[in-house]
Amino acid sequence: AQNTEGIFSAPGALLTLWIPPLAPNAPSAVAAVAFSTNSVSWSWTDNADNEDGFRVRRSSDNANLSGDLPVNSTGFVHAGLGPNAPARVRVEAFNVTAASASAPSATAYSLAVPPSSLGFLGVFQTSAAFAWSAGANPAGTLFRAERSLNGVAYVEIATTTLTNVLASSLTPDT
(Lines give C-alpha, C1' and ligand atoms only; values in the text may rest on other atoms or scores of the structure.)
Protein backbone atom coordinates (compact mmCIF):
# COMPACT_ATOMS: atom_id res chain seq x y z
CA ALA A 1 0.00 0.00 0.00
CA GLN A 2 1.07 3.63 -0.53
CA ASN A 3 0.37 6.58 1.81
CA THR A 4 -0.42 10.13 0.68
CA GLU A 5 3.26 11.04 0.75
CA GLY A 6 4.03 8.25 -1.77
CA ILE A 7 5.75 5.90 0.66
CA PHE A 8 5.03 2.21 0.25
CA SER A 9 4.50 -0.04 3.27
CA ALA A 10 6.07 -3.48 3.56
CA PRO A 11 4.27 -6.20 1.61
CA GLY A 12 1.57 -7.92 3.62
CA ALA A 13 0.96 -11.13 1.68
CA LEU A 14 2.60 -12.83 -1.24
CA LEU A 15 0.41 -14.33 -3.91
CA THR A 16 1.86 -16.98 -6.21
CA LEU A 17 0.10 -17.79 -9.44
CA TRP A 18 0.77 -21.21 -11.03
CA ILE A 19 -0.39 -21.89 -14.57
CA PRO A 20 -0.46 -25.60 -15.29
CA PRO A 21 1.13 -26.84 -18.51
CA LEU A 22 -0.91 -28.02 -21.43
CA ALA A 23 -1.37 -31.78 -21.87
CA PRO A 24 1.57 -33.27 -23.79
CA ASN A 25 1.40 -34.21 -27.46
CA ALA A 26 0.58 -37.84 -28.12
CA PRO A 27 3.33 -40.25 -29.15
CA SER A 28 3.13 -41.76 -32.63
CA ALA A 29 4.49 -44.59 -34.77
CA VAL A 30 4.01 -47.32 -32.16
CA ALA A 31 5.76 -50.47 -33.38
CA ALA A 32 6.68 -53.85 -31.94
CA VAL A 33 9.23 -56.61 -32.41
CA ALA A 34 8.94 -60.11 -30.97
CA PHE A 35 11.67 -60.14 -28.34
CA SER A 36 11.42 -63.70 -26.98
CA THR A 37 8.91 -66.51 -26.45
CA ASN A 38 7.40 -64.51 -23.58
CA SER A 39 7.93 -60.84 -24.50
CA VAL A 40 7.44 -58.12 -27.11
CA SER A 41 9.57 -54.97 -27.41
CA TRP A 42 7.48 -51.84 -28.09
CA SER A 43 8.84 -48.55 -29.49
CA TRP A 44 7.30 -45.17 -30.34
CA THR A 45 8.15 -41.62 -31.37
CA ASP A 46 8.19 -39.01 -28.57
CA ASN A 47 6.32 -35.94 -29.87
CA ALA A 48 6.03 -34.16 -26.52
CA ASP A 49 8.30 -31.48 -25.08
CA ASN A 50 6.48 -31.09 -21.76
CA GLU A 51 5.89 -34.65 -20.57
CA ASP A 52 6.72 -36.01 -17.13
CA GLY A 53 6.88 -39.51 -18.62
CA PHE A 54 5.08 -42.20 -20.59
CA ARG A 55 2.74 -45.09 -19.81
CA VAL A 56 2.15 -48.25 -21.82
CA ARG A 57 -1.39 -49.54 -21.29
CA ARG A 58 -2.98 -52.83 -22.34
CA SER A 59 -5.66 -52.01 -24.92
CA SER A 60 -8.21 -54.53 -23.66
CA ASP A 61 -8.57 -53.19 -20.10
CA ASN A 62 -6.40 -50.02 -19.89
CA ALA A 63 -4.11 -51.63 -17.28
CA ASN A 64 -0.81 -49.78 -16.85
CA LEU A 65 1.82 -52.35 -17.90
CA SER A 66 4.89 -50.13 -17.63
CA GLY A 67 4.35 -48.01 -14.55
CA ASP A 68 5.55 -44.42 -15.10
CA LEU A 69 8.41 -44.45 -17.62
CA PRO A 70 10.86 -41.51 -17.57
CA VAL A 71 10.82 -38.38 -19.72
CA ASN A 72 11.93 -38.98 -23.35
CA SER A 73 11.29 -42.75 -23.17
CA THR A 74 10.82 -44.39 -26.56
CA GLY A 75 10.56 -48.07 -25.69
CA PHE A 76 9.34 -50.74 -23.29
CA VAL A 77 9.73 -54.54 -23.13
CA HIS A 78 6.37 -56.15 -22.37
CA ALA A 79 7.24 -59.40 -20.54
CA GLY A 80 5.11 -62.13 -19.01
CA LEU A 81 3.44 -63.28 -22.22
CA GLY A 82 3.18 -66.90 -23.32
CA PRO A 83 4.64 -68.37 -26.52
CA ASN A 84 3.11 -66.95 -29.71
CA ALA A 85 0.84 -64.77 -27.54
CA PRO A 86 -0.89 -61.65 -28.90
CA ALA A 87 -0.35 -58.26 -27.29
CA ARG A 88 -1.93 -54.90 -28.11
CA VAL A 89 -1.12 -51.69 -26.25
CA ARG A 90 -1.74 -47.94 -26.18
CA VAL A 91 1.05 -45.49 -25.39
CA GLU A 92 0.43 -42.12 -23.74
CA ALA A 93 2.57 -39.22 -22.59
CA PHE A 94 1.58 -37.59 -19.29
CA ASN A 95 2.34 -34.58 -17.15
CA VAL A 96 0.91 -33.01 -14.00
CA THR A 97 -2.07 -31.66 -15.97
CA ALA A 98 -3.24 -34.64 -18.01
CA ALA A 99 -2.36 -37.56 -20.22
CA SER A 100 -2.12 -37.17 -23.96
CA ALA A 101 -4.34 -38.93 -26.40
CA SER A 102 -3.18 -42.52 -26.76
CA ALA A 103 -1.24 -43.80 -29.73
CA PRO A 104 -2.71 -47.23 -30.55
CA SER A 105 -0.67 -50.16 -31.78
CA ALA A 106 -1.26 -53.09 -34.04
CA THR A 107 -1.35 -56.57 -32.54
CA ALA A 108 2.10 -58.06 -32.01
CA TYR A 109 3.02 -61.62 -31.05
CA SER A 110 5.78 -63.08 -28.92
CA LEU A 111 7.96 -65.71 -30.60
CA ALA A 112 6.68 -69.28 -30.92
CA VAL A 113 8.52 -72.11 -29.19
CA PRO A 114 10.42 -74.29 -31.71
CA PRO A 115 8.71 -77.64 -32.29
CA SER A 116 10.30 -80.69 -30.69
CA SER A 117 10.24 -84.48 -30.91
CA LEU A 118 10.46 -84.60 -34.69
CA GLY A 119 9.98 -88.14 -35.94
CA PHE A 120 9.07 -90.08 -39.04
CA LEU A 121 5.66 -91.72 -39.21
CA GLY A 122 6.48 -93.56 -42.42
CA VAL A 123 8.91 -93.53 -45.32
CA PHE A 124 7.68 -94.61 -48.73
CA GLN A 125 9.15 -94.77 -52.25
CA THR A 126 8.27 -91.17 -53.21
CA SER A 127 6.98 -89.71 -49.93
CA ALA A 128 7.65 -89.47 -46.23
CA ALA A 129 5.32 -88.63 -43.35
CA PHE A 130 6.65 -86.97 -40.21
CA ALA A 131 5.27 -85.37 -37.05
CA TRP A 132 6.44 -83.18 -34.18
CA SER A 133 5.27 -81.80 -30.85
CA ALA A 134 3.83 -78.27 -30.75
CA GLY A 135 5.26 -77.79 -27.26
CA ALA A 136 3.79 -74.87 -25.31
CA ASN A 137 2.52 -73.09 -28.45
CA PRO A 138 -1.20 -72.30 -28.56
CA ALA A 139 -3.58 -73.84 -31.09
CA GLY A 140 -3.35 -72.04 -34.42
CA THR A 141 0.45 -71.67 -34.36
CA LEU A 142 1.86 -71.97 -37.88
CA PHE A 143 4.67 -74.42 -38.56
CA ARG A 144 6.72 -74.48 -41.76
CA ALA A 145 8.18 -77.79 -42.89
CA GLU A 146 11.17 -77.66 -45.25
CA ARG A 147 13.48 -80.19 -46.87
CA SER A 148 17.04 -80.01 -48.08
CA LEU A 149 19.29 -82.30 -50.10
CA ASN A 150 22.48 -80.55 -48.95
CA GLY A 151 21.73 -78.85 -45.62
CA VAL A 152 22.21 -75.42 -47.20
CA ALA A 153 19.36 -74.82 -49.66
CA TYR A 154 15.88 -75.56 -48.32
CA VAL A 155 12.55 -75.97 -50.10
CA GLU A 156 9.26 -75.48 -48.30
CA ILE A 157 7.08 -78.59 -48.09
CA ALA A 158 4.15 -77.06 -46.23
CA THR A 159 2.98 -74.35 -43.87
CA THR A 160 0.39 -75.74 -41.50
CA THR A 161 -1.22 -75.46 -38.08
CA LEU A 162 -1.14 -79.27 -37.84
CA THR A 163 1.72 -81.18 -36.21
CA ASN A 164 2.30 -83.58 -39.09
CA VAL A 165 3.10 -83.39 -42.80
CA LEU A 166 3.33 -85.70 -45.77
CA ALA A 167 6.21 -84.79 -48.06
CA SER A 168 5.34 -86.10 -51.49
CA SER A 169 6.90 -86.09 -54.99
CA LEU A 170 10.24 -87.14 -53.55
CA THR A 171 12.89 -88.71 -55.74
CA PRO A 172 13.79 -92.27 -54.69
CA ASP A 173 17.27 -92.79 -53.16
CA THR A 174 17.81 -89.12 -52.22
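Scroll up to find the structure this text is about.
Residues numbered from 1 in each chain as written. Predicted model: local features only at pLDDT ≥ 70, side-chain atom pairs only at ≥ 80, totals over all residues. Heavy atoms only, no water.

Each regular strand carries side chains that alternate between the two faces of the sheet. A large share of strand β10 (residues 128-133) lies buried, amounting to five of its six residues. Alignment of strand β9 (residues 116-123) against β10, held across five bridges, turns out to be antiparallel. Residue pairing in the sheet places Phe120 in a bridge with Phe130 of β10. Connecting β9 to the antiparallel partner β10 that follows it, the hairpin turn spans four residues. (Buried < 20%, exposed > 50% of the residue type's maximum accessible area, 1.4 Å probe, protein only. Helix = DSSP H or I, 4+ residues; strand = E, 2+ residues; numbered from the N terminus. Pairing = 2+ DSSP bridges.)

So, about the pattern of salt bridges. In the structure shown here, the tally under the stated rule is five salt bridges. A salt bridge links Asp68 to Arg55; the nearest nitrogen and oxygen atoms lie 2.7 Å apart. Of this pair, Asp68 sits in the loop between β3 (53-58) and β4 (75-79) while Arg55 sits in strand β3, and the two are 13 residues apart along the sequence. For Arg57, the salt bridge goes to Glu92, with nearest N and O atoms at 2.9 Å. Pair noted here: Arg57 is in strand β3 and Glu92 is in strand β6 (residues 89-94), with a separation of 35 residues, a long-range link. Both residues of the pair, Arg57 and Glu92, count as buried. Three or more residues joined by partner-sharing salt bridges are found here, namely Arg55, Arg57, Asp68 and Glu92. (Salt bridge = Lys/Arg side-chain N within 4 Å of Asp/Glu carboxyl O.)

So, about the layout of surface pockets. Of the pockets and cavities examined, the largest pocket occupies roughly 550 Å³. The wall of the largest pocket is formed by 24 residues, among which Phe120, Phe130, Arg147, Ile157 and Ala167 lie closest to the centre. Only β9, β10 and β11 (143-147) provide two or more residues apiece to the lining of the largest pocket. With five residues, the top contributor of residues to the lining of the largest pocket is β11. When grouped by side-chain class, the residues that make up the lining of the largest pocket number 15 nonpolar, five polar and four charged. (1 Å grid on protein atoms, 1.4 Å probe; cavity = no way out; pocket = protein on both sides within 12 Å on 5 of 7 lines; lining within 4 Å. Points joined across faces, edges and corners; volume = space filled by probe spheres on them. Nonpolar A, V, L, I, M, F, W, Y, C, P; charged D, E, K, R; others polar.)

Further remarks concern the nonpolar core. The nonpolar side chains of a soluble globular protein tend to be buried, and buried together. Formed by 17 residues in total, the largest nonpolar core has its most connected members in Trp42, Trp44, Val56 and Val91. Contributing elements (two or more residues each) for this core: β2 (39-45), β3 and β6. When near neighbours in sequence (up to four residues on either side) are disregarded, Val56 contacts Trp44, Ala63, Asn64, Leu65, Ser66, Leu69, Phe76, Val89, Arg90 and Val91. In terms of nonpolar packing, the next biggest core, distinct from the first, is built from six residues, Phe130, Trp132, Ala145 and Val165 among them. (Core = buried A, V, L, I, M, F, W, Y, C linked by side-chain atoms within 4.5 Å. Contact = heavy atoms within 4.5 Å.)

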